[in-house]
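# Overview (structure and organization)
Residues per chain are reported as follows:
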Amino acid sequence: MTLQEFEIKHHERWTPSTTDVLMRVASNLSDLHIEKDFFSPKEMDRKLNNLKEYIFDYRDVLKLKRNQENRDRLIRNQ
């Protein structure tokens, strides 16, 4: 997944840094801690699955970026 695809899918208003992504995850976990008593089990599952999807999608962004950097480094060293 590219960073642009991530931004579109998750409705980011600006290009997020890794720090931004971690802060969003922490914020969502804090919200869930407060909201846990108000959600049904189904709602909680949906929220947690959405948060996991966000994390895994950003992991894919980082993986693609790392692969591109490695490819560029190989090309420069040839």
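See the structure printed just above.
## Brief notes about the overall build of the chain
Scanning the chain from N- to C-terminus turns up three helices and zero strands. Listed N to C, the secondary structure of the chain is α-α-α in terms of helices and strands. Against the compact-globule benchmark of 12 Å for 78 residues, the chain has a radius of gyration of 16 Å, which places it well outside the compact range. On the principal axes, the C-alpha backbone points of the chain span a range of 60 × 20 × 20 Å.

## Points about the side chain of Glu7
One can find Glu7 in helix α1 (residues 3-9). In this structure Glu7 is buried but unpaired, with Lys65 as the nearest side chain of opposite charge at 11 Å. Excluding residues that lie within four positions of it along the chain, Glu7 makes contacts with Glu12, Trp14, Thr15 and Pro16.

About the thresholds
Residues numbered from 1 in each chain as written. Predicted model: local features only at pLDDT ≥ 70, side-chain atom pairs only at ≥ 80, totals over all residues. Heavy atoms only, no water. Helix = DSSP H or I, 4+ residues; strand = E, 2+ residues; numbered from the N terminus. Rg over C-alpha atoms; globule rule 2.2 N^0.38 Å. Buried < 20%, exposed > 50% of the residue type's maximum accessible area, 1.4 Å probe, protein only. Lys, Arg positive; Asp, Glu negative; His and termini not counted. Salt bridge = Lys/Arg side-chain N within 4 Å of Asp/Glu carboxyl O. Contact = heavy atoms within 4.5 Å.

These results come straight from atomic positions and should not be treated as a statement about function.
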